[in-house]
Amino acid sequence: MVKLASARETRTYGPITSRTRSEYINAAVYVFATVLLLAGSAAQLSTERKSSLFLLLLGFFVIFIVNLHDAVAHLAGIDFRVVVMRLDLQFALVEFAVPVVCALGSLLQFLAIIFLFIQAGKGYGYKKLEDPAMGMLIAGPALWLLGSIHNSCQIYERANAQVQILQQSVILPFSMASLLFLVAAIINNREQIGYDHYGHHLLRETWVWMWIFGSLILFIGALANVVKVFKMQQGQGDGRLRLEKLRGGAQERLMQGREASRPLI
């Protein structure tokens, strides 16, 4: 869904001493978010379906915050000079665009669940919220899938097999889960034909089961991301993981400009 721990060096979390800790926190929070989505989806099978919407709301909100933090961390690597992205297409289309697109997808699904929550509480009189909610439940996973595709478009000057395996172990589950969520939303929307209900009852059983499986895949991807963060932090420290970012990128040009502007004495 999103590259939580970039293998490139453009990601910055402030002081170097806090960078490792922030990477681990970021990955751990995302695991927590996937657990919330899995619990919220599974709770749809219980008699307290309305309360399960709160778990889904919290899960989408946490994912939105994680993605937003991811985008800000990448921008910090270039001192928030957005104009520099013109010199580095991979930075613009992958490092920055992926978390932004996924954050938008999370926001849309968050709003969709809010609409369903309002409709469930206020009654049938708020049926006008149904169509926007169903539309956002489709658009959200579509943006997640787009972000997953962009996330796979990472190119490096040099990378060994272990790095590539770590990358794919995160990208594949996120892509599979996003696709499953999109299919679930489309099928659920089609099943509304001739179905006279509102609120949380609009989430049909097919949607619920596909979201349970999708959230489980997402959880596996989040765990793989924790392993990736650990391996990348340990491997880059002792030189076992060979990874070279593309030369001439945005941050490299920025650093060259800094070096050129420093006085000789």
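Whatever comes next refers back to the structure up there.
Residues numbered from 1 in each chain as written. Predicted model: local features only at pLDDT ≥ 70, side-chain atom pairs only at ≥ 80, totals over all residues. Heavy atoms only, no water.

Caption draft 1: The overall build of the protein, seen in detail. Helix and strand counts for the protein come out as seven helices and two strands. Along the protein, helices and strands appear, N-terminal first, in the series α-α-α-α-β-α-α-β-α. Taking all 265 residues of the protein together, 48% fall into the buried category. In the protein, the proportion of contacts linking residues at least 24 apart, taken out of those at least 6 apart, comes to 78%. Put simply, the protein shows about 12,700 Å² of open surface, and 67% of that area lies on carbon and sulfur atoms. (Helix = DSSP H or I, 4+ residues; strand = E, 2+ residues; numbered from the N terminus. Buried < 20%, exposed > 50% of the residue type's maximum accessible area, 1.4 Å probe, protein only. Contact = heavy atoms within 4.5 Å. Areas by Shrake-Rupley, 256 points an atom, 1.4 Å probe, with all protein chains shown as cover.)

Caption draft 2: A look at the nonpolar core. Counting 38 residues, the largest nonpolar core has Leu37, Ile113, Leu116, Trp144 and Trp211 as the members making the most contacts within it. Broken down by secondary-structure element, the contributors of at least two residues to this core are helix H1 (16-43), helix H2 (49-76), helix H3 (89-122), helix H4 (130-151), helix H5 (161-190) and helix H6 (205-238). Take this core: its biggest share by element is eight residues, from H6. Judged by nonpolar contacts, the second largest core, of five residues, contains Leu75, Ile78, Met85 and Phe91. (Core = buried A, V, L, I, M, F, W, Y, C linked by side-chain atoms within 4.5 Å.)

Caption draft 3: Focus on the packing of H4 against H5. Viewed as axis vectors pointing N to C, H4 and H5 meet at an angle of 160°, and their least axial separation amounts to 8 Å. Judged on the interaxial angle alone, H5 and H4 are roughly antiparallel. Regarding H4 and H5, the two cross each other, and that crossing is left-handed. Residues Met134, Leu137, Ile138, Pro141, Ala142, Trp144, Leu145, Ser148 and Asn151 of H4 pack against Ile171, Phe174, Ser175, Ser178, Leu179, Phe181, Leu182, Ala185, Ile186, Asn188 and Asn189 of H5. Residues that form the contact of H4 with H5 fall into these classes: 14 nonpolar, six polar and no charged. (Axes fitted to C-alpha atoms, helices over the stretch in contact; angles between N-to-C directions. Parallel < 35°, antiparallel > 145°, perpendicular 65-115°, else oblique. Left-handed = near helix turned anticlockwise from the far one by under 90°. Nonpolar A, V, L, I, M, F, W, Y, C, P; charged D, E, K, R; others polar.)

Coordinates in, geometry out; function isn't part of it.
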